[in-house]
Structure formats: structure tokens, C-alpha cells
Amino acid sequence: MDISIVVPLYNEAESLPELEAWIARVMSEHGFSYEIVFVNDGSTDNSWEVIKELRAKNGAVKGISFRRNYGKSPALNTGFGAAQGDVVITMDADLQDSPDEIPELYRMIKEEGYDLVSGYKQKRYDPLSKTIPTKLFNATARKVTGIKNLHDFNCGLKAYRHKVIEHIEVYGDMHRYIPYLAKLAGFSRIGEKVVHHQARKYGKTKFGLDRFVNGYLDLMTLWFTGKFGGKPMHFFGLLGSLMFILGFLAVIAVGAIKLYNMHAGNHYILVTDSPYFYLALTLMLLGSQFFLAGFVGELVARNSPRRNDYEIDETLS
């Protein structure tokens, strides 16, 4: 099969027939063999009934329905598990992503050798309250992830080589960082394509401003686990050791200052009356705790059943 199109959705019953017809037309015009995997994320409208009707008319339509709303990341991860095409396309169900972009995305994967191609909605039909935070968010994501050529990490329209979705796990709200997940899994050929962004035709957006706060926290989580997940002592141990040494040197300095003043006949105060003494003790205690956290992290990592799971691309024997 050439293409699998994974469409996560929540309360998008009005747009589904139009989206399915649009995709079917594009696939037919270009002669692609395809499947559409609709993942109903616990919709409270009649989205699932619409999907069943579309399935009855078009055998390429497949459907998965969650009992309740879990979020976009679980829906995508489940859709990836069901996808069988050589190239997997993800797109939103609200008609803001154009299926007319699919043939070029497919070509970039198959002919230009990309592992992943992310859409870039250069011209957006969103209010400033959404576009300005989005620009700041993407600038931070480029800096942290090192993927300098992407301008829109969270664009729902993406294309993947099938091998990519086999080696990544999308959980929580990590769908915003699928390119980074792919990079951490060893897929470095990541490209971008400017895509057309359409104004929402039906319903209303499902995302609020809280996604930007959560997005930064998720980015920090991915950065830390990607860099130190297999060697936590390198982070906590180093930080703890530095804090303990600084605290220890500070205690010595406080004591030395008192001894010098005593010897010189100057006025002096008790070590325990100095605020610097307690700051130094706090540094030493925190340093010890960080070091122990790294030690415990190493024990957990060593006992993980996946500690020697490596992303093997090919073997010859």
C-alpha cells in the first residue's frame, strides 16, 4: 500500500464527509493505493456514526474509536499502530489541512529520501493571540532540539517513512515534538514543506493557551530524557558534586575568617551566627541529595529491561 492517512479527531462530524471525499479524489487522481485511518478520540457528537457510514461507502476507510477522550498523542500513536502504508500522512480533521499537499509530501519521502517531512503553515488564518505564542514556542523548540530547519513543529500535516512510526512512541502531549522524537530515534533526515492553511469551516478549536505552558514542560522533559535518560548520574551527580564542593569551601571560608579575626584581635561573630554558614550547609545538603538522586537513577536505569535496546537500522549476517 502506498499511503496511510491517519486522522485523529474529536467532535468533527460535520467535516468528515467533506474530508473523506477530498482525500479520495486526490488519491484517485494520482493513482495511489491508500487507507484512511480515522481515530475517534471519544467524541460526544455523532462522529463515530459518520465514520461507519463512510466505511460502508469506501472500503479504504478504517476507524478506531476510544471509549473516552484521551488526547491527540494517544490517538496518533494508536493510528500509527494500525497504519500499513509505505508512507504515513497525518492530518487534522477540521479541514484546515489540505489533502492536495499529500502527493508532494509523498514524493519528498520516496524520491528525496526524507524520513519525515513536516508542514509549515507560513500564512495562517489564526488570531494574533495564537500566532505570536506559536512563533515563540517554535523558536524555543528549534533552539532546544537542534532541528534548525523547522518553523512549525506542531503542524498536524506531516509525512513519515513507515520505519519512523515503528520506532517512536507518542504519549502524553508529545505529538508537538514528533520530529524531535524521530531525531532521538536516529532519523535525522527531517525536512519541511510550506503548506496551505485554511480557515476553520466547522466547529471550534480544541486547544487553549494552556498548551503553550504544557508544551514547554514537555520539551524540557524530552530534552532531559533524551540527553540524560540513560545516564542520570552525569546530570545529578555532576550538579550535586559541584553544589557540595561549593558549600564545603564556603564553610571553610566562614571558619577561616573567624580564626583570622580572632588572631588579629578584630571583632568576630560565632560561626553559627553567620547567615553564610547556613547557606553553605544548605548547598551541601542539596548537593548530597542531588548526588543520591543520580545514584538512584543509575540503579533504575541499570535494572531497566530496555537498557540495551538500541535502534538497529540494518544487519548483515
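Preceding this section is the structure that the text describes.
Now for a quick tour of the structure. Remember, predicted model here, so these are calculated numbers, not experimental data. (Residues numbered from 1 in each chain as written. Predicted model: local features only at pLDDT ≥ 70, side-chain atom pairs only at ≥ 80, totals over all residues. Heavy atoms only, no water.)

1. With respect to the overall build of the chain
For step 1, the next point in the chain: A tally of regular secondary structure across the chain gives 10 helices and 7 strands.
For step 2, the next point in the chain: By residue count, 43% of the 317 residues in the chain fall in the buried class.
For step 3, the next point in the chain: Considering only contacts within the chain whose residues lie at least 6 apart along the sequence, 79% involve residues at least 24 apart.
For step 4, the next point in the chain: Total accessible area on the chain is roughly 17200 Å²; 58% of this is exposed by carbon and sulfur atoms. (Helix = DSSP H or I, 4+ residues; strand = E, 2+ residues; numbered from the N terminus. Buried < 20%, exposed > 50% of the residue type's maximum accessible area, 1.4 Å probe, protein only. Contact = heavy atoms within 4.5 Å. Areas by Shrake-Rupley, 256 points an atom, 1.4 Å probe, with all protein chains shown as cover.)

2. Some points on the sheet that holds strand β6 (residues 158–161)
For step 1, the next point in the chain: In space, the 7 strands of this open sheet follow the order β3-β2-β1-β4-β6-β5-β7, with mixed pairing throughout. Of all strands in the sheet, those bounded by a partner on one side alone are β3 (61–65) and β7 (190–194). Averaged over all adjacent pairs, the angle separating strand axes in this sheet is 20°, with direction ignored.
For step 2, the next point in the chain: Relative to β6, strand β5 (residues 116–120) is paired through 3 bridges, and the arrangement is antiparallel. Directly across from L116, in β6, lies its bridge partner Y160.
For step 3, the next point in the chain: Against the sheet, helix α1 (residues 16–30) makes contact with β1 (3–9), β2 (34–40) and β3, and its axis sits at roughly 160° relative to β2, the strand it touches most.
For step 4, the next point in the chain: Here helix α4 (residues 102–110) sits on the sheet and contacts β1, β4 (87–90), β5, β6 and β7; the angle it forms with β4, its principal contact strand, is near 140°. (Pairing = 2+ DSSP bridges. Axes fitted to C-alpha atoms, helices over the stretch in contact; angles between N-to-C directions.)

3. A closer look at the packing of aromatic side chains
For step 1, the next point in the chain: Using the criterion set out here, one finds 7 aromatic pairs in the structure.
For step 2, the next point in the chain: Both rings, one in F80 and one in Y160, keep their centres 5.3 Å apart while their planes meet at 70°; by these two values the pair is edge-to-face. In this pair, F80 is assigned in helix α3 (residues 72–82) and Y160 in strand β6, connecting sequence segments 80 residues apart. Across the pair, exposure class does not vary: F80 and Y160 are buried alike. (Phe/Tyr/Trp six-rings, centres within 6.5 Å; stacked < 30°, edge-to-face > 60°.)

4. Details of the packing of α1 against helix α2 (residues 47–57)
The angle between the axes and the distance between the axes are what describe a pair of packed helices.
For step 1, the next point in the chain: Following both chains from N to C, one finds α1 and α2 inclined at 30°, their axes separated by 10 Å at the closest point. Crossing handedness for the pair α1 and α2: right-handed. Contacts from L16, P17 and E20 in α1 reach S47, V50, I51 and L54 in α2.
For step 2, the next point in the chain: Tallied by class, the residues present in the contact of α1 with α2 amount to 5 nonpolar, 1 polar and 1 charged. (Left-handed = near helix turned anticlockwise from the far one by under 90°. Nonpolar A, V, L, I, M, F, W, Y, C, P; charged D, E, K, R; others polar.)

5. As for the pattern of salt bridges
Side chains that differ in charge, positive against negative, can pair when their charged atoms come close.
For step 1, the next point in the chain: Counting across every chain of the model gives 11 salt bridges.
For step 2, the next point in the chain: In this structure, R107 engages E111 in a salt bridge whose closest nitrogen and oxygen atoms are separated by 3.7 Å.
For step 3, the next point in the chain: The structure contains a network of salt bridges with shared partners spanning E104, R107, E111 and E112. (Salt bridge = Lys/Arg side-chain N within 4 Å of Asp/Glu carboxyl O.)

6. Observations concerning the environment of M1
For step 1, the next point in the chain: With respect to the helices and strands, the residue M1 is situated in the segment before β1.
For step 2, the next point in the chain: A relative accessible area of 38% places M1 in the partly exposed class.
For step 3, the next point in the chain: Here the alpha-carbon distance between M1 and S33, two residues 32 residues apart in the chain, equals 5.4 Å.
For step 4, the next point in the chain: Excluding residues that lie within four positions of it along the chain, M1 makes contacts with S33, Y34, E35, Q84, G85 and D86.

7. Concerning α3
For step 1, the next point in the chain: Listed in full, the buried residues belonging to α3 are K72, S73, A75, L76, G79 and F80. Taken end-on, α3 shows its buried residues confined to a sector of 160°, consistent with a single buried face.
For step 2, the next point in the chain: Against the buried residues of α3 lie β1, β2, β4, β6, α6 (162–166) and α7 (178–184). (Arc of directions from axis to C-beta.)

8. Examining the nonpolar core
For step 1, the next point in the chain: If you look at the biggest cluster of nonpolar residues, it comprises 35 residues, and the most contacted ones within it are I3, I5, M27, F38 and I89.
For step 2, the next point in the chain: Listed by contribution, the elements that provide at least two residues to this core are β1, α1, β2, α2, β4 and α4.
For step 3, the next point in the chain: No other element matches α1, which puts 6 residues into this core.
For step 4, the next point in the chain: If you look at the next biggest cluster of nonpolar residues, it comprises 31 residues, including F66, A75, F80 and F187. (Core = buried A, V, L, I, M, F, W, Y, C linked by side-chain atoms within 4.5 Å.)

9. Some remarks on a negative patch on the surface
For step 1, the next point in the chain: Residues E14, D45, E49 and E53 make up a contiguous surface patch of negative charge.
For step 2, the next point in the chain: Locating D45 in the fold gives a position in the loop between β2 and α2. (Patch = residues over 30% accessible without salt bridge, like charges linked within 9 Å, V, L, I, M, F, W, Y side chains within 5 Å. Lys, Arg positive; Asp, Glu negative; His and termini not counted. Charge placed at Lys NZ, Arg CZ, Asp CG, Glu CD.)

10. What to know about a nonpolar patch on the surface
For step 1, the next point in the chain: A cluster of nonpolar side chains, F244, I245, F248, L249 and I252, forms an exposed patch at the surface whose accessible area comes to about 460 Å².
For step 2, the next point in the chain: Among the secondary structure elements, I245 is positioned in helix α9 (residues 233–264).
For step 3, the next point in the chain: Look at I245 and you get partly exposed, because its relative accessible area is 47%.

11. With respect to empty space enclosed by the protein
For step 1, the next point in the chain: The tally for this structure, following the rule as stated, stands at 1 cavity of 30 Å³ or more.
For step 2, the next point in the chain: For the largest cavity, the lining is made up of 13 residues, of which K72, L76, C155, G156 and H175 are closest to its centre.
For step 3, the next point in the chain: Contributions of two or more residues to the lining of the largest cavity are made by α3 and β6.
For step 4, the next point in the chain: Tallied by class, the residues present in the lining of the largest cavity amount to 6 nonpolar, 4 polar and 3 charged. (1 Å grid on protein atoms, 1.4 Å probe; cavity = no way out; pocket = protein on both sides within 12 Å on 5 of 7 lines; lining within 4 Å. Points joined across faces, edges and corners; volume = space filled by probe spheres on them.)

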